[in-house]
Each structure stands twice: as C-alpha cells, then as structure tokens.
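# Commentary on secondary and tertiary structure
Here is how the chains run, residue by residue.
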Amino acid sequence: MTDLSSDLKRHELELNQYIRYLRERLFFEPQSPIFHYNLGLAYARKGQRAEAIAEFRQAIACDPSMAQAYVNLGGLYFQEGDLDKCIEANQRALELDPSLAMAYSNLGFAYLQKEDPEAAIAACQKAVALMPDLLQAHNNLAVAHLQRGEWQEGIKASLKALEIKPDFAPAYFNLSVAYEALGDEDQAAKFRQQAQALGYPAEAESLSESSRKC
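Fair warning: this is a prediction, and the values are worked out from it, not measured in the lab.

Looking now at unusual backbone geometry. Even without being a glycine, E115 presents a positive backbone phi close to 60 degrees. Relative to the assigned elements, E115 resides in the loop between α6 (101-113) and α7 (117-130). Relative accessible area serves as the criterion here: at 70%, E115 is assigned to the exposed category.

Spelled out as structure tokens, the structure:
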C-alpha cells in the first residue's frame, strides 16, 4: 500500500526541482513568456501566490497577448481578495480571447462577492454556454439566481450541477434554500439533510459562502 506522506514528499521534491529548472532556464532566457508562465503555475501549485503573481505579470510583460496568463492572474487576485483586480484581469483575458470559459466563470465568482448577481448571471451564462460541464459556473449561476429570488432558475442550475457531480454538496444546499423559499418544507429538509450528509454545514453558511465551494 502506497504511503500518502511519501507520495506528497516526492511530489514536493519534483515540484521544487521543476522550479529550479525553470529559474535556471530563465537566467539564460529572461524574456521567455512560456518559462515565466510555467514558473507561475508551479508557484501557484505550491501556494506561493505572491511569487506566482509576479511570474504571470512577467509573462504578460514578455507577451501581452498571453490570455491564459491573465486568467490565472485573475484567479490569484480572487484568492488574495482583490476583486477589482480579478475582474480587470479576466476582462483583459476575454478581450484577447472571448472563448475562455474560465475567465467568465472567474468573473461570476467575483461579481457574486461584490453582491452584483445580475452581472454574475450574465458571466456564468456565457461560461456554461462555452463549457457546459463547468461545475463552478453552474453553482455560481444557482447562487446568483437565489440572491435575486429567482427560485426556479436556482433549482434548474443546481440540478444541472448535480448532473455533472452527483455528490456536490453545495447544490443540495442551494436546493434546500430554494424549496424553503417556495414553502416546500419537505423538499427543503430532504436536500438540507443530503447536503449535511456530504459534509456541508447547510444551516451555518450563507449563499455567498456557498459560492466559494466547488
């Protein structure tokens, strides 16, 4: 039986070796956007957000057309709590490549946190049109509809999320909220219990917090 801690240590060692390799290559090719981009990904995997942000910004400086670097940069800004920079980065990505579903999904996250469900709905609808199985976008779409009191639309988006991932606890929580608002206590209780059985603290969290679970 494989030892989990050994696997984690090996993975960490491989990641550190990869980072050293990229830094060595950048010493000789400092203007390579690909090496800066890959180093940003590696730092992000290590949880070193400041270093990852710096590398994605450098990749963009070397190649301003690198749309995916803007998407990753926007995701990191979201993790840092800087919603305005997150929105700016993802909008820039979409100016370069309007087909980036994840950029629209990131915008949906950010708009929800800024309490702008209308903008979140528009962004998430574009995300799922481009990538129908993008779970995060369906979940955020459900939350945005619920924030607007659009219960049936929230139910529809939550059920779609469950088609993609049947054990997705936030979708059950969202369904419990919608059915409770519609006065169907039996359905609300059923979905609340399912959410809790999957480890989701359904009674303790708000809709805005559920949008972060994916």
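Structure's up, so let's keep going.
Contact pair helix α3 (residues 49-62) / helix α4 (residues 67-80): the axes reach a minimum separation of 9 Å and the direction vectors enclose 150 degrees. Of the possible angle classes, the one that applies to α3 and α4 is roughly antiparallel. Like other packed secondary-structure pairs, α3 and α4 cross with a definite hand, here left-handed. Two secondary-structure elements touch here, α3 through R49, A52, I53, F56, R57 and I60 and α4 through A69, Y70, N72, L73, L76, Y77, Q79 and E80. Of the residues belonging to the contact of α3 with α4, the class tally is nine nonpolar, two polar and three charged.

Reading guide: rules and limits
- Residues numbered from 1 in each chain as written.
- Predicted model: local features only at pLDDT ≥ 70, side-chain atom pairs only at ≥ 80, totals over all residues.
- Heavy atoms only, no water.
- Helix = DSSP H or I, 4+ residues; strand = E, 2+ residues; numbered from the N terminus.
- Buried < 20%, exposed > 50% of the residue type's maximum accessible area, 1.4 Å probe, protein only.
- Axes fitted to C-alpha atoms, helices over the stretch in contact; angles between N-to-C directions.
- Parallel < 35°, antiparallel > 145°, perpendicular 65-115°, else oblique.
- Left-handed = near helix turned anticlockwise from the far one by under 90°.
- Contact = heavy atoms within 4.5 Å.
- Nonpolar A, V, L, I, M, F, W, Y, C, P; charged D, E, K, R; others polar.

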